Amino acid sequence: MAVFFSFLNAALLLGLLYVYARILLKTHARYTLGLIIFAGLLLIQNIVTLSSYLFMIEFYSWQLYPVIDVIGLFEFAALLALFKVTL
């Protein structure tokens, strides 16, 4: 589940980056540049997290799986709300 939500989070962040870049090109607002930096850094964090799930899974305890799933779910909900507000 955590890998699935990480993919969804990355897709939402790519969508946000696209929308923010279009807004920046139209308005040249500095606030939008901050949003691009925020979304870009969050995307990098998400990619690192996803790669750790895929390549280092044997180092995780099975007891952490529910916690990791909930973290991914809450991040997805937050990004979905941000995406909805942005559009």
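Residues numbered from 1 in each chain as written. Predicted model: local features only at pLDDT ≥ 70, side-chain atom pairs only at ≥ 80, totals over all residues. Heavy atoms only, no water.

Caption draft 1: How the structure looks around the nonpolar core. Grouped together as the largest cluster of nonpolar side chains are 13 residues, with contacts concentrated most on Leu13, Leu16, Leu17, Tyr20, Ala39, Leu43 and Leu79. Of all the secondary-structure elements, those providing two or more residues to this core are helix H1 (2-27), helix H2 (30-55) and helix H3 (65-86). The element that contributes the greatest number of residues to this core is H1, accounting for 7 residues. (Core = buried A, V, L, I, M, F, W, Y, C linked by side-chain atoms within 4.5 Å. Buried < 20%, exposed > 50% of the residue type's maximum accessible area, 1.4 Å probe, protein only. Helix = DSSP H or I, 4+ residues; strand = E, 2+ residues; numbered from the N terminus.)

Caption draft 2: How the structure looks around the packing of aromatic side chains. Under the defined criterion, the tally for this structure stands at 2 aromatic pairs. Taken together, the ring pairs connect Phe4, Phe5 and Phe76 into an aromatic cluster. (Phe/Tyr/Trp six-rings, centres within 6.5 Å; stacked < 30°, edge-to-face > 60°.)

Caption draft 3: Molecular detail of the side chain of glutamate 75. You can see glutamate 75 is positioned in helix H3. This buried residue, glutamate 75, is left without a salt bridge; lysine 84 holds the nearest opposite charge, at 20 Å. The residues touching glutamate 75, leaving out its near neighbours within four places in the chain, are Asn9, Leu42, Gln45 and Asn46. (Lys, Arg positive; Asp, Glu negative; His and termini not counted. Salt bridge = Lys/Arg side-chain N within 4 Å of Asp/Glu carboxyl O. Contact = heavy atoms within 4.5 Å.)

Caption draft 4: Seen up close, a nonpolar patch on the surface. On the surface, a cluster of nonpolar side chains totalling about 610 Å² of accessible area is made up of Phe7, Leu54, Phe55, Met56 and Phe59. Looking at where phenylalanine 7 falls in the secondary structure, it is placed in helix H1. Residue phenylalanine 7 is classed as partly exposed on the basis of its relative accessible area of 49%. (Patch = residues over 30% accessible without salt bridge, like charges linked within 9 Å, V, L, I, M, F, W, Y side chains within 5 Å. Areas by Shrake-Rupley, 256 points an atom, 1.4 Å probe, with all protein chains shown as cover.)

Caption draft 5: Seen up close, H2. Counted at 1.5 Å a residue, the expected span for H2 with its 26 residues is 38 Å, and the 38 Å between its end C-alpha atoms agrees. Contacts made by the buried residues of H2 are with H1 and H3. (Expected span 1.5 Å × (residues − 1).)

Caption draft 6: Spotlight on the environment of leucine 43. Tracing the backbone shows leucine 43 in helix H2. For leucine 43, a relative accessible area of 11% corresponds to the buried category. Separated by 40 residues in sequence, leucine 43 and valine 3 place their C-alpha atoms 14 Å apart. Excluding residues that lie within four positions of it along the chain, leucine 43 makes contacts with Ala10, Leu13, Leu14 and Leu17.

Caption draft 7: Local environment of the side chain of serine 52. By the secondary structure assignment, serine 52 is in helix H2. Sequence-distant contacts of serine 52, that is, excluding residues within four places in its chain, are made with Ile57 and Tyr60.

Caption draft 8: Representation of H1 in the model. In this model H1 runs 37 Å from its N-terminal to its C-terminal C-alpha over 26 residues, within 8% of the 38 Å that 1.5 Å per residue would give. Along H1, the residues classified as buried are Ala2, Phe5, Ser6, Asn9, Ala10, Leu12, Leu13, Gly15, Leu16, Leu17, Val19 and Tyr20. Buried residues along H1 sit against H2 and H3. Note on H1: the residue one or two positions beyond its end, histidine 28, has a positive phi of about 55°.

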